[in-house]
Amino acid sequence: MTRRRWLLGVVLALCAASMSVSLGTRAAPSTLPDRLADSEFWRLVADFSEPNGYFDSDNLLSNEDTFQTVIPELVQTIPPGGVYLGVGPEQNFSYIIAVRPALAFITDVRRGNLHLHLLYKSLIEQSASRAEFLSRLFGRRVPAGVGPGSTVESLMRAYGEARPDREYVEATMAAVAQNLTQGHGFALDADDLPEIRHVYEQFVAAGPELRFVSSRSGNWYPTFAEIQVATDAAGQQRGYLADEQRFQRLRDLQQRNAIVPIVGNFGGPKALRAIGAYVAGHGGVVSVFYTSNVERYLFQDGTWTTFMNNVAAMPLAPHSTFIRSCFDSCSSFGGSRAVSLLDSMPGLIADLSAGRVRSYRDVLAHGHGR
């Protein structure tokens, strides 16, 4: 296909984008639910998900050490009550509690990410404090001297020095299974609980030293502990474990079934379209979409245009914002190996329609010049 024909196809496919944005600004009051019943939560997971896909990492942990740097601007520009979309593991939690959405959907190509988020959901729901959550997550009894007033640094240090307790690990895993299958009544697939255990055992084995592992990269990625003690550019800690208030905000969302993990490809035919239709049907708007560096792979696969078609079909508002991550090639934007960028969702749609966005580098520059 020639570049001209490709651009023409993009323009035609995205012609409804401006309508989507304008409708998002004058829609009727949102009827997004305050909480989801267990049956509705699992219906969304099952109905919206696509078949399991492939990525070359278990992706149990973020590999971004600067993702908090964009949170201050998000807090200033994103009104609460919208819908958050994201991808990947726990970095979503810090963004979610910052922008205060009514609902969040975390869509990832791997069912393994669903297993990870079901584990997180169960452990967070059962834990009255950060210390209890970390105790369950790492399979270590609560160390002496930690409590609600502990800094995140002291928590990471204490759990780094503790050792797994197999009796406690088995009891925790049994409680997770009971919580998901009997407490919530989720109709898990036959392989789901064994895969959740596989995820859990990796947290137990590594503790706070767990880090992202990929067949394509070295060992430079930050550990769980390093991510949790990270800050924004002004030195303020904004992670979900930075203090008890942030953790309790996340726990409340999990208890209300307001963070919904979905299996789906951003360039696929179903998941993002179903989420967009659900949000529109409840008079809501997508406020934030954290894409990490998934767009890079979509360009490689030739499906980025399909992804943007999916986004253009969503109900948006002028404030709707992409959060994306750039690795290695964005040092000129931020001086770090991993750089977080914000971008206007309707602005990118408009510039793509006008032929001003032709490559992944154009996408990254668009966000940097926001």
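See the structure printed just above.
A brief structural summary. (Residues numbered from 1 in each chain as written. Predicted model: local features only at pLDDT ≥ 70, side-chain atom pairs only at ≥ 80, totals over all residues. Heavy atoms only, no water.)

A word on the pairing of strand β2 (residues 103–108). A large share of β2 lies buried, amounting to six of its six residues. Residue alternation in β2 divides its side chains into two sets, Leu103, Phe105 and Thr107 and Ala104, Ile106 and Asp108, and both sets are buried. As paired elements, strand β1 (residues 83–86) and β2 share four bridges and run parallel to each other. If you follow Leu85 over to β2, its bridge partner there is Phe105. On the question of chirality, the crossover connecting β1 to the parallel β2 by way of helix α5 (residues 91–99) is right-handed. (Buried < 20%, exposed > 50% of the residue type's maximum accessible area, 1.4 Å probe, protein only. Helix = DSSP H or I, 4+ residues; strand = E, 2+ residues; numbered from the N terminus. Pairing = 2+ DSSP bridges. Right-handed = clockwise from strand over helix to strand, strands pointing away.)

Once that is clear, we can look at the sheet that holds β2. Across the sheet, six strands lie side by side as β3-β2-β1-β4-β5-β6; this open sheet has mixed pairing. The sheet is open, and its two edges are formed by β3 (259–263) and β6 (338–344), each paired on a single side. Neighbouring strand axes in the sheet, compared pairwise and without regard to direction, differ in orientation by 15° on average. Bridge count between strand β4 (residues 286–292) and strand β5 (residues 321–327): four bridges; the pairing is parallel. Paired with Tyr290 across the bridge in β5 is Ile323. Of the strands in this sheet, β4, β5 and β6 are in contact with helix α17 (residues 345–353), which crosses β6 at around 75°. (Axes fitted to C-alpha atoms, helices over the stretch in contact; angles between N-to-C directions. Contact = heavy atoms within 4.5 Å.)

With 12 residues, helix α12 (residues 244–255) extends 16 Å between its outermost C-alpha atoms, agreeing within 8% with the 16 Å of an ideal straight helix rising 1.5 Å per residue. Within the sequence span of α12, burial applies to Glu244, Arg246, Phe247, Leu250, Arg251, Leu253 and Gln254. On its buried side, α12 packs onto α5, α6 (111–126), α7 (130–138) and β3. A distance of 3.2 Å separates the backbone nitrogen of Gln245 from a side-chain oxygen at the start of α12, and that oxygen is part of Asp243. (Expected span 1.5 Å × (residues − 1). Polar contact = N/O pair within 3.5 Å; in protein donor to acceptor, adjacent residues only side chain to side chain.)

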